[in-house]
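Topology and contacts: notes
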There are 2 protein chains.
Amino acid sequence: MVQLIHYTLCPLSRTARLLLAEYGYDAALAEEKPWEWRPEFLSVNPGGNLPVLLFENTALCGITPITEYLLESGPATPAVTSVELMPEELIARAEIRRLSDWFHDKFHDEVWSYMSYERLENPFVHRLPPNPEAIRVAMANLRNHLFYLSRLLEERYWVGGEYISVADLTAAAHISCLDYLGDMPWEKVPIVKNWYARVKSRPSFRQLLHDTIPSIVPPAHYTDLDF
Amino acid sequence: MVQLIHYTLCPLSRTARLLLAEYGYDAALAEEKPWEWRPEFLSVNPGGNLPVLLFENTALCGITPITEYLLESGPATPAVTSVELMPEELIARAEIRRLSDWFHDKFHDEVWSYMSYERLENPFVHRLPPNPEAIRVAMANLRNHLFYLSRLLEERYWVGGEYISVADLTAAAHISCLDYLGDMPWEKVPIVKNWYARVKSRPSFRQLLHDTIPSIVPPAHYTDLDF
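Residues numbered from 1 in each chain as written. Chains lettered and ligands numbered in written order. Predicted model: local features only at pLDDT ≥ 70, side-chain atom pairs only at ≥ 80, totals over all residues. Heavy atoms only, no water.

Residue and element names in this part refer to chain B. Where strand 1 (residues 3–6) meets strand 2 (residues 28–31), 4 bridges bridge the pair, whose relative direction is parallel. Across the sheet, the residue bridging to Leu4 is Leu29, located in strand 2. Handedness of the β-α-β unit built from strand 1, helix 1 (residues 11–22) and strand 2 comes out right-handed. (Pairing = 2+ DSSP bridges. Helix = DSSP H or I, 4+ residues; strand = E, 2+ residues; numbered from the N terminus. Right-handed = clockwise from strand over helix to strand, strands pointing away.)

What follows is the structure, given as structure tokens:
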């Protein structure tokens with residue numbers, strides 16, 4: 001029995017869910033709102049960050065430890081045929097990790113941390129006046145990140161190179177959260193849109209597209225595989 | 001020929017330098033001030049983060065890709081006898097990665113990002129009025145982190161368990177930057193002090209203790225192995 005402590009619109013949690021699905025794990029989900037800092041949650045993960053993967057007596061805390069664990073242990077059972085999500089060659093592995101960190105650290109800090117505060121945490125928890133400047137900064141940063149992603153995808157079929165990898169799942173997990181909120185300027189980045197449609201059509205992605213959170217309805221194209 | 005692009009008081013760069021020394025690499029150092037965002041540096045690492053490890057035609061960007069690369073490739077030459085810095089067992093590996101991320105992400109954001117701005121970047125670059133509240137917050141956060149580290153070290157001889165690991169080098173690299181600035185409340189955390197003295201006495205640490213930056217002299221105990 002495997003359980004994932006996650007939040008529905010947490011891009012790091014979504015990365016773990018994609019990986020678990022790709023590797024044939026049927027993980028039970030327990031939702032945790034990361035801004036609540038519940039003592040029961042902190043007793044499991046003193047760092048307070050998501051996601052946390054729970055095995056019988058063990059908690060794996062944080063997306064990088066979980067990702068590397070799943071890559072090292074492989075599919076849930078030998079019967080699961082999974083795609084290879086990390087190349088063998090050491091320099092190529094470093095490039096996949098660079099891009100995964102890019103989204104988990106840089107993209108998260110420069111885009112998602114603003115958006116999630118303004119659109120999820122503040123309106124439902126603190127109810128302070130909205131900060132349009134924060135959203136403006138996040139959207140300007142998003143355009144720069146999508147420009148970089150476009151440049152990569154002009155040279156590569158997948159984000160990290162010739163083959164799909166954990167970097168594609170990571171980038172798509174982050175982008176899916178913005179897409180849920182209707183904040184992806186798809187018409188400006190056609191090459192990113194084509195790549196995202198390819199990742200989105202994977203069976204592992206289906207669970208994310210059917211998730212909803214209270215009070216926010218995603219745009220119609222969010223669940224559409226041919227958007 | 002291996003080159004490391006680093007900044008002297010960057011804790012992530014220091015982690016890479018410790019690892020390189022443990023594995024017998026004689027890396028040339030090139031200093032980069034991360035707040036300058038030099039176009040020449042961004043053309044090597046578009047993310048702008050430190051450290052960057054340069055091989056002949058390849059740049060490995062960021063501390064996690066560099067760390068995992070070095071752990072996977074091992075010592076520089078077979079003649080180097082190095083200690084094992086990552087356990088074999090998968091759950092134990094996840095714990096080492098959790099703790100390394102704790103310092104690189106959480107400790108860095110909650111302590112070092114404030115201190116480095118107030119003590120290194122602002123006084124020499126922006127020259128805005130100092131912000132004592134930022135330093136007060138960083139020091140309060142530091143006490144919480146050291147309390148957690150003390151709790152770990154009451155149960156474990158090394159940060160990640162029974163054996164020294166990359167988590168010890170990581171934690172000590174971060175703490176060494178604060179120690180250089182004279183900001184470590186050593187008298188309040190004797191168990192952390194004992195552990196740090198053990199890490200500090202490793203030959204790989206010597207290079208860090210002899211580093212200096214202009215205009216800031218470290219306290220006398222900084223280089224003292226029996227402080």
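Glancing now at the domain arrangement of chain A. All names here are of chain A. The domain boundaries assigned to chain A delineate domain 1 (3–73) and domain 2 (90–223). Relative to domain 2, the C-alpha centre of domain 1 lies at a distance of 19 Å. For the domain 1 and domain 2 pair, buried surface summed over both sides reaches about 2000 Å², with 66% attributable to carbon and sulfur atoms. Together, Leu9, Arg14 and Leu18 form the three largest contributors to the area buried by domain 1 at its contact with domain 2, with a combined 33%. Joining domain 1 to domain 2, the criterion identifies 3 salt bridges. Between Arg202 and Glu22 there is a salt bridge; the shortest N-O distance is 2.7 Å. Applying the counting rule to domain 1 against domain 2 returns 8 residue pairs in polar contact (both at pLDDT 80 or more). If you list the elements that add at least two residues to the side of domain 1 that touches domain 2, you get helix 1 (11–22) and helix 3 (63–73). It is helix 1 that provides the largest number of residues to the side of domain 1 that touches domain 2, a total of 9 residues. Among the residues forming the side of domain 1 that touches domain 2, the class breakdown is 10 nonpolar, 4 polar and 4 charged. (Domains from an automatic or database assignment. Buried area = accessible area lost by both parts, 1.4 Å probe. Salt bridge = Lys/Arg side-chain N within 4 Å of Asp/Glu carboxyl O. Polar contact = N/O pair within 3.5 Å; in protein donor to acceptor, adjacent residues only side chain to side chain. Nonpolar A, V, L, I, M, F, W, Y, C, P; charged D, E, K, R; others polar.)

Next up on the list: the side chain of Lys106 of chain B. Summarising the element assignment, Lys106 of chain B is placed in helix 4 (residues 90–126). Setting aside its immediate chain neighbours within four residues, Lys106 of chain B contacts Trp37 and Gly47 of chain A together with Asp101 and His145 of chain B. (Contact = heavy atoms within 4.5 Å.)

For the coordinates displayed, the defined rule picks out 24 salt bridges over all chains. Put simply, Glu110 of chain B and Lys106 of chain B hold a salt bridge, and the shortest N to O gap is 3.2 Å. Of the two residues, Glu110 of chain B and Lys106 of chain B both sit in helix 4, 4 residues apart, roughly one turn of that helix. Given the relative accessible area of 26%, Glu110 of chain B is considered partly exposed. Several salt bridges share partner residues, and in doing so they unite Glu68, Arg93 and Arg97 of chain A together with Glu72 of chain B into one network. (Buried < 20%, exposed > 50% of the residue type's maximum accessible area, 1.4 Å probe, protein only.)

What follows is about the sheet that holds strand 1 (residues 3–6) of chain A. All names here are of chain A. Across the sheet, 4 strands lie side by side as 2-1-3-4; this open sheet has mixed pairing. Single-partner strands in this sheet number two, and they are strand 2 (28–31) and strand 4 (59–61). Going across the sheet, the axis of each strand differs from the next one's by a mean of 20°, ignoring polarity. Across the sheet, helix 1 is in contact with strand 1, strand 2 and strand 3 (52–54); its angle to strand 1 comes to roughly 160°. (Axes fitted to C-alpha atoms, helices over the stretch in contact; angles between N-to-C directions.)

A few words on unusual backbone geometry. Here the amide bond leading from Leu50 of chain A into Pro51 of chain A is cis, since omega sits at -5°, within 30 degrees of zero. Within the secondary structure layout, Pro51 of chain A lies in the loop between helix 2 (39–44) and strand 3. In this model, Arg127 of chain A sits at a positive phi of 55°, which is unusual for a non-glycine residue. The residue Arg127 of chain A is located in the loop between helix 4 (90–126) and helix 5 (132–155) in this model. Even without being glycine, Ser215 of chain B reaches a positive phi, approximately 75°.

Let us look at a negative patch on the surface. Judged by side-chain charge, Asp105 and Asp109 of chain A together with Asp105 and Asp109 of chain B come together as a negatively charged surface patch. Of all the secondary-structure elements, those providing two or more residues to the negative patch are helix 4 of chain A together with helix 4 of chain B. Counting through the fold element by element, Asp109 of chain A comes out in helix 4. (Patch = residues over 30% accessible without salt bridge, like charges linked within 9 Å, V, L, I, M, F, W, Y side chains within 5 Å. Areas by Shrake-Rupley, 256 points an atom, 1.4 Å probe, with all protein chains shown as cover. Lys, Arg positive; Asp, Glu negative; His and termini not counted. Charge placed at Lys NZ, Arg CZ, Asp CG, Glu CD.)

It is worth spelling out the state of the cysteines at this point. Applying the stated criterion across every chain yields a total of 0 disulfides over all chains. No disulfide involves Cys10 of chain B; its sulfur sits 7.0 Å from that of Cys177 of chain B, the nearest cysteine. (Disulfide = S-S within 2.5 Å.)

All names here are of chain B. At a minimum axis distance of 8 Å, the contact between helix 5 (residues 132–155) and helix 7 (residues 190–200) shows a crossing angle of 70°. Taken as axis vectors, helix 5 and helix 7 run roughly perpendicular relative to one another. Contacts between helix 5 and helix 7 involve Leu146, Leu149, Ser150, Leu153 and Glu154 on the former and, on the latter, Ile191, Val192 and Trp195. Partitioned by chemical class, the residues of the contact of helix 5 with helix 7 number 6 nonpolar, 1 polar and 1 charged. (Parallel < 35°, antiparallel > 145°, perpendicular 65-115°, else oblique.)

Let us look at the side chain of His104 of chain A. As for its placement among the helices and strands, His104 of chain A is situated in helix 4. His104 of chain A has contacts with Leu12, Thr15, Ile63, Thr170 and His174 of chain A, leaving out every residue within four places of it along the chain.

This part is about the relation of the copies chain A and chain B. Superposition of chain A onto chain B requires a rotation of 180° combined with a translation of 0.0 Å along the rotation axis, giving an RMSD of 0.0 Å. Accordingly, the operation relating the two chain copies is best matched by a two-fold axis. Taking C-alpha positions as reference, the residue of chain A nearest the rotation axis is Asp105 of chain A, located at 4.2 Å. Most of the interface of chain A is mirrored in chain B, where 100% of its interface residues again form contacts. (Least-squares fit on C-alpha atoms with pLDDT ≥ 70 in both.)

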